[in-house]
Amino acid sequence: MADKQISLPAKLINGGIAGLIGVTCVFPIDLAKTRLQNQQNGQRMYTSMSDCLIKTIRSEGYFGMYRGAAVNLTLVTPEKAIKLAANDFFRFHLGKDGKKLTLMKEMLAGCGAGTCQVIVTTPMEMLKIQLQDAGRIAAQKKLMAAQAQLNPSTGAGAAESIVETRTTAMQITKELLRSKGVAGLYKGLGATLLRDVPFSIVYFPLFANLNKLGQPSPDGKAPFYVSFLAGCAAGSTAAVAVNPCDVIKTRLQSLQRGVNEDTYSGIIDCARKIWRNEGPTAFFKGAYCRALVIAPLFGIAQVVYFIGIAEFILDMLPKRRN
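One numbering rule holds for all chains: residues counted from 1, following each sequence as written. Reporting of local features is limited, given that this is a predicted model, to residues whose pLDDT is at least 70; pairs of side-chain atoms are given and counted only at 80 or more, and all residues count toward the totals for whole chains, interfaces and linings. As a rule here, side-chain values come from all non-hydrogen atoms in the structure, and water together with hydrogens is ignored.

In the annotation of an unreviewed UniProt entry, the protein is listed under the name Mitochondrial glutamate carrier 1 and assigned to Salvator merianae. UniProt positions are given in the numbering used here, feature names are shortened, and annotations may be inferred rather than shown by experiment. Here is the UniProt Sequence similarities (unreviewed entry) comment for the protein, exactly as written: "Belongs to the mitochondrial carrier (TC 2.A.29) family." The protein has a UniProt comment under Subcellular location (unreviewed entry) that states "Mitochondrion inner membrane".

J.: Just checking my understanding: could you explain the overall build of the protein for this structure?
T.: Helical segments are the DSSP runs of H or I of at least four residues, strand segments are the runs of E of at least two, and each set is numbered from the N terminus. Check the secondary structure of the protein and you find 11 helices and zero strands. Within the protein, the fraction of its 322 residues that count as buried is 50%. Within the protein, contacts between residues at least 6 apart in sequence are counted, and of these 80% link residues at least 24 apart. For the protein, the exposed area adds up to about 15300 Å²; of that, 67% sits on carbon and sulfur atoms. Only protein chains enter the accessibility calculation, which uses a 1.4 Å probe; a residue whose area is less than 20% of its type maximum is buried, one above 50% is exposed, and one in between is partly exposed. Contacts between residues were defined by any pair of non-hydrogen atoms, one from each residue, lying within 4.5 Å. With residues, only the protein chains shown are counted as cover, and all accessible areas are computed by Shrake-Rupley using a 1.4 Å probe.

J.: I keep staring at the packing of helix α4 (residues 103-150) against helix α5 (residues 169-180) and nothing clicks. Help me out?
T.: Packed helices, taken two at a time, are described by their axes: the angle between them and the distance between them. It is at 10 Å that the axes of α4 and α5 come closest, and there the two elements cross at 120°. Considered as vectors, α4 and α5 are oriented oblique to each other. Crossing hand, α4 versus α5: right-handed. Here M126, L127, Q130 and L131 of α4 lie close against α5, whose contacting residues are A169, I172, T173 and L176. Amino acids outside the nonpolar list (Ala, Val, Leu, Ile, Met, Phe, Trp, Tyr, Cys, Pro) and the charged list (Asp, Glu, Lys, Arg) are all regarded as polar, and Gly is one of them. Residues that form the contact of α4 with α5 fall into these classes: six nonpolar, two polar and no charged. Comment: axis = line fitted to C-alpha atoms, over the contacting stretch for helices; angle = value between 0 and 180 degrees taken between N-to-C directions. Oblique is the label for any angle not under 35 degrees, not over 145, and not in the 65 to 115 range, which are roughly parallel, roughly antiparallel and roughly perpendicular in turn. We call a crossing left-handed when the near helix sits turned anticlockwise from the far one by less than a right angle, and right-handed when that turn is clockwise.

J.: How should I be thinking about the nonpolar core in this particular structure?
T.: The biggest cluster of nonpolar side chains holds 31 residues, and the ones touching the most others in it are M49, F199, Y203 and I294. For this core, the elements supplying multiple residues, two or more each, are α1 (8-38), α2 (49-60), α3 (69-94), α6 (189-212), α7 (224-241) and α10 (287-307). Here this core takes six residues from α1, the largest share from any one element. Every residue in contact with M49, bar those within four places of it in the chain, is listed here: I29, A32, L36, Y288, C289 and L292. Working definition of a nonpolar core: buried Ala, Val, Leu, Ile, Met, Phe, Trp, Tyr and Cys residues. They are joined through side-chain atoms within 4.5 Å.

J.: Can you help me understand the side chain of Q132 in this one?
T.: Here Q132 is to be found in helix α4. Two N or O atoms form a polar contact when they lie within 3.5 Å of each other; inside protein one atom must be a possible hydrogen donor and the other a possible acceptor, and for residues adjacent in sequence the pair counts only when both atoms belong to side chains. For Q132, the side chain forms a polar contact with the side chain of T34, separated by 2.5 Å. If sequence neighbours within four positions are ignored, Q132 has contacts with F27, D30, L31, T34, R35 and R67.

J.: Can you help me understand the environment of A208 in this one?
T.: Topologically, A208 is positioned in helix α6. In this structure A208 comes out as buried when scored by relative accessible area, which is 11%. Sequence separation between A208 and A234 is 26 residues, and the spatial gap between their C-alpha atoms is 9.1 Å. In this structure A208 touches R91 and E106, once residues within four positions along its chain are discounted.

J.: Help me understand the pattern of salt bridges, please; the structure alone is not making it clear to me.
T.: Side-chain pairs of opposite charge can arise whenever the charged atoms involved come near each other. We define a salt bridge as a side-chain nitrogen of Lys or Arg found within 4 Å of a carboxyl oxygen belonging to Asp or Glu. Considering all chains together, one arrives at 19 salt bridges under this definition. D196 is paired through a salt bridge with R195; the nearest N and O atoms lie 2.7 Å apart. Assigned by exposure class, D196 and R195 land together as buried. Among the charged side chains, a network of salt bridges with common partners joins D30, K33, E125, K128, R195, D196, D246, K249 and R290.

J.: What is the right way to look at the packing of aromatic side chains in this model?
T.: Within a pair of aromatic rings, the relevant descriptors are the distance that separates the centres and the angle that separates the planes. Two rings belonging to Phe, Tyr or Trp (six-membered ring only in the last case) form a pair when the distance between their centres is within 6.5 Å. Interplanar angles under 30 degrees mark stacking, angles over 60 mark edge-to-face geometry, and anything in between is tilted. With the rule as written, the count across this model stands at 10 aromatic pairs. Each ring, one from F199 and one from Y203, has its centre 5.8 Å from the other, and the planes form 10°; the classification is stacked. Placement of both F199 and Y203 in helix α6 is noted, with a separation of four residues, approximately one turn of the helix. There is no split in this pair, since F199 and Y203 are both buried. With 6.0 Å between their ring centres and 15° between their planes, Y203 and F207 make a pair best called stacked. Of the two residues, Y203 and F207 are both situated in helix α6; the distance of four residues between them amounts to about one turn of the helix. Exposure class is identical for Y203 and F207. Each is buried. Taken together, the ring pairs connect F199, Y203, F204, F207 and F298 into an aromatic cluster.

J.: I tried to follow α3 on my own but got confused; where do I start?
T.: At 3.6 residues per turn, the α-helix brings residues three or four places apart onto the same side. By this rule, a helix spans an expected 1.5 Å times one less than how many residues it contains. Helix length check: α3, at 26 residues, gives a terminal C-alpha distance of 36 Å against a target of 38 Å (1.5 Å per residue), a fit within 8%. One fitted axis covers the seven residues ending at a residue, a second covers the seven starting there, and the bend at that residue is the angle between these axes. The axis of α3 is deflected most strongly, by about 45°, at L75, and proline P78 appears within four residues downstream.

J.: When you look at the environment of L103 in this model, what are you seeing that I'm missing?
T.: Positionally, L103 belongs in helix α4. Judged by relative accessible area, which is 52%, L103 ranks as exposed. Residues L103 and N209 lie 106 residues apart in sequence; the distance between their C-alpha atoms is 9.3 Å.

J.: Explain the side chain of N87 to me, please; I cannot follow it from the model alone.
T.: When you line up the elements, N87 lands in helix α3. Given a relative accessible area of 5%, N87 falls into the buried group. If near-sequence neighbours (up to four positions away) are discounted, N87 is found in contact with A109, G110, A113 and F204.

Laid out in structure tokens, this is it:
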């Protein structure tokens, strides 16, 4: 598809609408991904995505699957807008010579987009992970307390002493700013870059080339279903490819640990401990969940973005008279 030029407000609106729709649809799967990635070889609470979602509903109710969704819904608009608009910006400037973008230039544009988006992504992921994983840690503590109650040597009545105190994103933000300043919200920045930059390098060129297969002509526009399928295929491929980085990022950004779970001092320390204690397959925990999240998320994003809902909205607004 030709790189069409649309206004910055239109790009921001398109990216925002796409993000809001996508996150609302797939957030429960994303919650399961976070909990599966964070559990270690100690007290394992969930065996699969479906098991995680069923247990979440039983213990926390239906809306328990949407813990942390408010953070995502608030910040996904600028995050998606930055990523999609930045990719368009870099593609436009890298293609100013009038020649078709080479694969290397497409990857470079994706790299630029991924680097720009972490400004919003890192704090968003940081807060979301704390809220998503809180239910897992609370459930693990209750289970351990119940087991202790059955063992007289540990003292009865321990189960009743475990009460989950629900925190909000605002409370976490205030505490991090008070104790660590703005840097506290950017914990795991390196790991986020390690995930998002390669993701964009893989995703955007792959999407562009898959989408071209459905173009009726070199300057034509692919049908919406081609953009959707191309977004799904490129998104799921890129998601699985960078899943090891996502596991490391999730572990590093988790402020609370479950019983007997490792702590990490950095990316290398985290990767080493995961490999040593859980084996290489641990780097692909939640990979299918992540693929299920990213595929429709980016499929919807590309359909909204390339249909140009924003242009319709902007055209409906009253024109300013000179």
